[in-house]
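One-letter residues, chain by chain:
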Amino acid sequence: MLKNITDSLSPKAVLIELGGSHSEVLYPQLSFLKHGGYHTTLICDPKVYDLVKNYDQVDVLLKSEIPQSGWLRQMNALWKIRNYIVQEKVKLVIFNTANGPLIRTLCLMPYPPDIIFAGILHSLHKLKGSITQSLISYRVRKYFVLAAYLKRLAYTYHRPKLSFEFFYPMFFMPPKNEHPVTKPAGEIWIAIAGGLEYGRRDYKSLAYALHKLKKKIPLKFLLLGNSSYPGGDGNDFRALISNLGVEEYFVFWNEYVSNDVFHAYLKKSDAIMPLVHPVPHIKSVYLNYQISGSWNLAYAYQLPLLMADAFAGLEDFKDYGVFYQPENLTEAIEKLPNILPLHRKLYQGDAWQFAFQANQYLRFLKS
């Protein structure tokens, strides 16, 4: 239910997420806005609301439930959001996911001319021929992307009058309770984040590469996601690694991994592995249009990224990637005990500091 907020002397910013996704990008933006002196309101759907209800950088948290069907009912719910923005004299509106028909409809509604609209473009392919995105872009002229190389590419795809900036959503709310994690001495932990789906990551190649090892290595791959949800490939993968005799290299979770547990294991990890290999579709997507969330986790914990060599030419990774050829993954794994200790002191530049990221974000909004 949307409701009025108390008067505030600070300029008001509203961050909106209606799609139930990309919740990991909300906290850093709210932190940037608070750093800039804004009074922050987050409007989100019920799914995201449950994930962010304890955020400490939100002045007002509002739940907005948009009906799945019924044009008039949807319009009524979206009009309430529009009225909230206007009545509360909000000066800055940011769409956390700046695409889709709901955001298009919000953007086509009338607003005072002094409101700045911005948004995150999570996939650059929306700039190439999407009528919905073109309509959104009549209102949203400032787009954030989530990697430096995507900013460069965005200017090759965009329509005139649009501007782009990047930031790394690498800042997370500190957990209220530190989950205890014990890591055996000398063991190497490689984190692979997300639900276990073959369509997202090349788990099979990893299993076969481990099967070819000439000798055992004190190594664990932490599969930091639910491996047992319907529609996933957890059961098939467990059967595969059992047949190959490499179960000892994997740690599974059979349910939703809480934030406290997730981040506790990341802090103890030695590297992050996106496990994105350059099959034609994936290579096209991640090299030209969007990022993997694994990259931001590596940035957040200043960990090396164990990546396919297709990514070696991108500026975001040249100093932080440990690259391998997917067809030679076994050899790359065998070298990890010697290679990873050389990457302990990464992310030393200003670009990885909160103040730098926040000021760049805020400057772009005010430009």
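These lines cover the structure that appears in this document, whether it is placed above or below.

Rules behind the numbers
Residues numbered from 1 in each chain as written. Predicted model: local features only at pLDDT ≥ 70, side-chain atom pairs only at ≥ 80, totals over all residues. Heavy atoms only, no water. Helix = DSSP H or I, 4+ residues; strand = E, 2+ residues; numbered from the N terminus. Rg over C-alpha atoms; globule rule 2.2 N^0.38 Å. Buried < 20%, exposed > 50% of the residue type's maximum accessible area, 1.4 Å probe, protein only. Contact = heavy atoms within 4.5 Å. Expected span 1.5 Å × (residues − 1). Phe/Tyr/Trp six-rings, centres within 6.5 Å; stacked < 30°, edge-to-face > 60°. Core = buried A, V, L, I, M, F, W, Y, C linked by side-chain atoms within 4.5 Å. Salt bridge = Lys/Arg side-chain N within 4 Å of Asp/Glu carboxyl O. Axes fitted to C-alpha atoms, helices over the stretch in contact; angles between N-to-C directions. Parallel < 35°, antiparallel > 145°, perpendicular 65-115°, else oblique. Left-handed = near helix turned anticlockwise from the far one by under 90°. Nonpolar A, V, L, I, M, F, W, Y, C, P; charged D, E, K, R; others polar.

**Here's the deal with the overall build of the protein**
For the protein, the helix and strand inventory stands at 13 helices and 13 strands. Since a compact globule built from 367 residues should have a radius of gyration of about 21 Å, the 22 Å found for the protein is in line with a globular shape. In terms of overall dimensions, the protein has C-alpha extents of about 65 × 40 × 40 Å along its principal axes. Burial status across the protein gives 52% buried among its 367 residues. Here the analysis covers contacts within the protein between residues at least 6 apart in sequence; of these, 72% occur between residues at least 24 apart.

**Digging into the side chain of Ser23**
Assignment of secondary structure puts Ser23 in the loop between β1 (12-17) and α1 (26-35). Look at Ser23 and you get buried, because its relative accessible area is 17%.

**A word on helix α3 (residues 71-87)**
With 17 residues, α3 should reach 24 Å at 1.5 Å per residue; the first-to-last C-alpha distance of 24 Å fits that figure. Listing the buried residues of α3 in full gives Ala77, Leu78, Ile81, Arg82, Asn83, Tyr84 and Ile85. Looking at the packing, one finds that the buried side of α3 touches β1, β2 (39-44), β3 (60-63), β4 (92-95) and α4 (101-108). Lys89 sits one or two positions beyond α3 and adopts a positive phi of about 55°.

**Structural notes on the packing of aromatic side chains**
In this structure the tally under the stated criterion is 32 aromatic pairs. Consider the rings of Phe144 and Phe364, whose centres lie 5.1 Å apart with planes at 65°: the pair is edge-to-face. Residue Phe144 is located in strand β6 (residues 142-145), and its partner Phe364 is located in helix α13 (residues 354-366); the two are separated by 220 residues in the primary sequence. Grouping residues by exposure puts Phe144 and Phe364 together as buried. Pairing Phe237 with Phe252 gives two aromatic rings, centres 6.3 Å apart and planes at 55°, and the pair type is tilted. Taken together, the residues span a long stretch of sequence, with Phe237 in helix α8 (residues 234-244) and Phe252 in strand β10 (residues 250-253) at a distance of 15 residues. The class of Phe237 is buried, set by a relative accessible area of 0%.

**Topic: the nonpolar core**
Ranked by internal contacts, the top residues of the largest apolar core, which has 105 residues, are Phe95, Leu124, Trp295 and Phe311. Here this core gets six residues from one element, more than from any other, and that element is helix α6 (residues 148-157). Not counting residues within four places of it along the chain, the set of residues in contact with Leu124 comprises Val145, Leu150, Leu153, Ala154, Tyr157, Asn288 and Tyr289. Formed by 33 residues, the second largest nonpolar core is a distinct cluster that contains Ala209, Leu329, Ile333 and Leu340.

**Quick look at the pattern of salt bridges**
Scanning the model with the defined rule gives nine salt bridges in all. A salt bridge links Glu165 to Lys151; the nearest nitrogen and oxygen atoms lie 3.3 Å apart. Remark: Lys151 occurs in helix α6 and Glu165 occurs in strand β7 (residues 163-166); sequence separation between them is 14 residues. The class for Glu165 is buried, based on a relative accessible area of 11%. Overall, the relative accessible area of 24% leaves Lys151 in the partly exposed class.

**Comments concerning unusual backbone geometry**
Most peptide bonds take the trans form, and the phi angle of most residues other than glycine is negative. Residues other than glycine seldom take positive phi values, yet His22 does so here, at roughly 55°. Along the chain, His22 falls in the loop between β1 and α1. Unlike most non-glycine residues, Gln302 shows phi in positive territory, near 50°. Looking at the secondary structure, you find Gln302 in the loop between α11 (293-300) and β12 (305-308). Residue Gln302 is classed as partly exposed on the basis of its relative accessible area of 36%.

**Digging into the packing of α3 against α4**
Two measures define how a pair of helices packs: the angle their axes make with one another and the distance between the axes. Relative orientation of the contacting elements α3 and α4 amounts to 55°, with a least axis distance of 10 Å. On the basis of their axis angle, the class for α3 and α4 is oblique. Considering the relative orientation of α3 and α4, their crossing is right-handed. For the pair α3 and α4, contact is made by Gln74, Met75, Leu78, Ile81 and Arg82 and by Leu102, Thr105 and Leu106, respectively. Along the lines of polarity and charge, the residues of the contact of α3 with α4 split into five nonpolar, two polar and one charged.

**Considering the environment of Leu150**
Within the element layout of this structure, Leu150 appears in helix α6. Owing to a relative accessible area of 2%, Leu150 belongs among the buried residues under this scheme. When the C-alpha positions of Leu150 and Gln290 are compared, they lie 7.3 Å apart, and in sequence the two are 140 residues distant. Once you skip the residues sitting within four places of it in the chain, Leu150 turns out to touch Leu124, Val145, Asn288, Tyr289, Gln290 and Ile291.

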